[in-house]
Amino acid sequence: MDTQNMARQELLTPDLSIPESACTVQVRVIDTNTLLHLNPKLFWHPEIPNFDGIHAPIYCFLISNGTRHVIFDLGVRPDWQNYAPRVVSLVEATTTVTPGTDVSSVLDADTSGLGIRTADIEAVIWSHNHFDHIGDMSRFPHSTDLVVGPGVRAASWPGYPSDPNALVLYADADGRAVIEISFDGPNSLKIGRFDAFDYFGDGSFYLLDAPGHAPGHMCALARTESGSSSFVFLGADACHNLGVLRPSDYIPLPSSTALDDMLRVGLTAQELQPPCPCPGDLLHEYLGSTTSPFFIVARGPLFADYDAAMDTVAKIQELDAADNVLVLMAHDLSLSDQIPLFPKTINGWRASGLKTGTRWLFCGDFLPALVENNKQQT
């Protein structure tokens, strides 16, 4: 980033007012190798010709505070045909699932010596109750609590088969405690403009109220380093492509030359053949602005509260502007071969330069479509 843009970002960067704490959590990213096709017209706007979407990962997270362990999201159960019938119909009508494994199998098959098993998980936190995040709770013992956002309990249960139109199963909650987070009671506070809940009560892990995509949708903020304090933001489905967040007033689009150096590796030799212009030029020409994001969330059933969804995105952009916050969205394909995965932790992200090194890689999702469109026009 040039000196002028650095000064501009420093001037605009919001005060997040995150309380000080010496307590941290260990964050491990779990990729169950499940892929989910994201159809652009359902998730973001405007559509780009020749860009028919991506087969995206679904990241889940093991959060460890000493001997206490929680899972944030479970992804898709491999036997997704055993979800509630309404969900199965929705999956068949809107997407393609390439099944992998499940979080409990990843934990129980681990031979690294970490020793954290399914039976050690005190709680599973659902960011929201959509099929690609709820997994299969029956794989966890009844001693594992289920933590959900505001209103999710009433919106989800009694579940299928008691309610034939339910999105979740009766079995997901049967025999276990279902704890609904309140963002205006004890342990509640503000993180930036987010209403927050201090989960462990020590400032190491916050749940954030992030409405818009689904009732009771939550994100999270994990403190991965004390002293200088660094954090990982777990964005769940607040957006489904980083182009909804970037560029922004806080993080402008880099120069064409800088983008060229980052993104040429994502194009094939054939795509780079003349008369293709430089990737950076294509991105600048398409966007026409250095501070407006490539996309906005799509109006429709997947963002039923559109105004709330847009406000949540704006709040995330403020966190994204902070050098000490790494934003991880649940379906970010651009990070699939960039981040350390379970059983490794992601706590050392700041020293590794992960944030700055990957910030614009998401452009590779749709850059081949822009190349093809350019060739068709010339």
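Labelled according to an unreviewed UniProt entry, the chain appears under the name N-acyl homoserine lactonase AttM, originating from Diplogelasinospora grovesii. Its UniProt record, at the heading Sequence similarities (unreviewed entry), says of the chain: "Belongs to the metallo-beta-lactamase superfamily."

**Q** Honestly, the overall build of the chain in this entry has me stumped. Any pointers?
**A** Helix and strand counts for the chain stand at 12 helices and 17 strands. A globule of 378 residues ought to have a C-alpha radius of gyration of about 21 Å, and the chain, at 21 Å, matches this closely. Projected onto its principal axes, the C-alpha coordinates of the chain cover approximately 65 × 50 × 45 Å. Counting only residues that meet the buried cut, the chain has 54% of its 378 residues in that class. Taking all contacts inside the chain whose residues are at least 6 apart in sequence as the whole, residues at least 24 apart take part in 70%.

**Q** Teacher, can you tell me more about the packing of helix α8 (residues 279-287) against helix α12 (residues 367-377) here?
**A** Packed helices, taken two at a time, are described by their axes: the angle between them and the distance between them. In the contact formed by α8 and α12, the axes pass within 10 Å of each other and the chain directions differ by 85°. As summarised for this structure, α8 and α12 are arranged roughly perpendicular, according to the angle between their axes. Contacts between α8 and α12 pair Pro279, Leu282, Leu283 and Tyr286 from the former with Leu367, Leu370, Val371 and Asn374 from the latter. The residue inventory of the contact of α8 with α12, partitioned by class, reads 7 nonpolar, 1 polar and no charged.

**Q** What's the story with the side chain of Asp320 in this structure? I'm lost.
**A** The topology assignment puts Asp320 in helix α9 (residues 306-320). Asp320 has contacts with Arg246, Ile251, Val327 and Lys355, leaving out every residue within four places of it along the chain.

**Q** Before we go on, may I ask you to explain the state of the cysteines in this structure?
**A** Throughout this description, disulfide means a covalent bond between two cysteine sulfur atoms. Applying the stated rule across the entire model yields 0 disulfides. Left unpaired, Cys60 is separated from the closest cysteine sulfur, that of Cys219, by 15 Å. Given the relative accessible area of 0%, Cys60 is considered buried. Cysteine Cys219 shares no disulfide, and the gap to the nearest cysteine sulfur, in Cys239, comes to 8.9 Å. For Cys219, a relative accessible area of 0% translates into the label buried.

**Q** Could you clarify how one ought to interpret α9 in this entry?
**A** An α-helix turns once per 3.6 residues; consequently, residues spaced three or four apart project the same way. With 15 residues, α9 ought to run about 21 Å at 1.5 Å a step, and its terminal C-alpha atoms sit 21 Å apart, in line with that. Of all 15 residues in α9, 11 are buried; the element is thus mostly enclosed.

**Q** Teacher, can you tell me more about the layout of surface pockets here?
**A** By rolling a water-sized probe across the atoms, one finds the places where empty space is left. Approximately 560 Å³ is the volume found for the largest pocket. Lining the largest pocket are 25 residues, with Leu90, Thr94, His130, Phe131 and Leu302 positioned closest to its centre. Secondary structure elements with two or more residues in the lining of the largest pocket: β2 (35-38), α2 (40-43), α3 (85-94) and α5 (131-134). In terms of residues, the lining of the largest pocket owes the most to one element, α3, which gives 4 residues.

**Q** Is there a simple way to think about the packing of aromatic side chains in this case?
**A** Any pair of aromatic rings gets described here by the distance separating the centres and the angle formed by the planes. Counted by the stated rule, this structure contains 18 aromatic pairs. A centroid spacing of 6.0 Å and a plane angle of 40° characterise the contact between Trp360 and Phe362, whose relative ring orientation is tilted. Taken as a pair, Trp360 and Phe362 share a single burial class, namely buried. Following the ring pairs from residue to residue traces out a cluster consisting of Phe43, Trp44, Phe51, Tyr286, Phe294, Phe295, Trp360, Phe362 and Phe366. Over the aromatic face of Tyr83 sits the side chain of Arg77, whose NZ or CZ is 5.8 Å from the ring centroid. Here Lys315 stacks its cationic end above the ring of Phe194, 5.6 Å away from the centre of that ring.

Thresholds, definitions, all that
- Residues numbered from 1 in each chain as written.
- Predicted model: local features only at pLDDT ≥ 70, side-chain atom pairs only at ≥ 80, totals over all residues.
- Heavy atoms only, no water.
- UniProt positions renumbered as here; feature names shortened; annotations may be inferred.
- Helix = DSSP H or I, 4+ residues; strand = E, 2+ residues; numbered from the N terminus.
- Rg over C-alpha atoms; globule rule 2.2 N^0.38 Å.
- Buried < 20%, exposed > 50% of the residue type's maximum accessible area, 1.4 Å probe, protein only.
- Contact = heavy atoms within 4.5 Å.
- Axes fitted to C-alpha atoms, helices over the stretch in contact; angles between N-to-C directions.
- Parallel < 35°, antiparallel > 145°, perpendicular 65-115°, else oblique.
- Nonpolar A, V, L, I, M, F, W, Y, C, P; charged D, E, K, R; others polar.
- Disulfide = S-S within 2.5 Å.
- Expected span 1.5 Å × (residues − 1).
- 1 Å grid on protein atoms, 1.4 Å probe; cavity = no way out; pocket = protein on both sides within 12 Å on 5 of 7 lines; lining within 4 Å.
- Points joined across faces, edges and corners; volume = space filled by probe spheres on them.
- Phe/Tyr/Trp six-rings, centres within 6.5 Å; stacked < 30°, edge-to-face > 60°.
- Lys NZ or Arg CZ within 6 Å of the ring centre and 35° of its normal.

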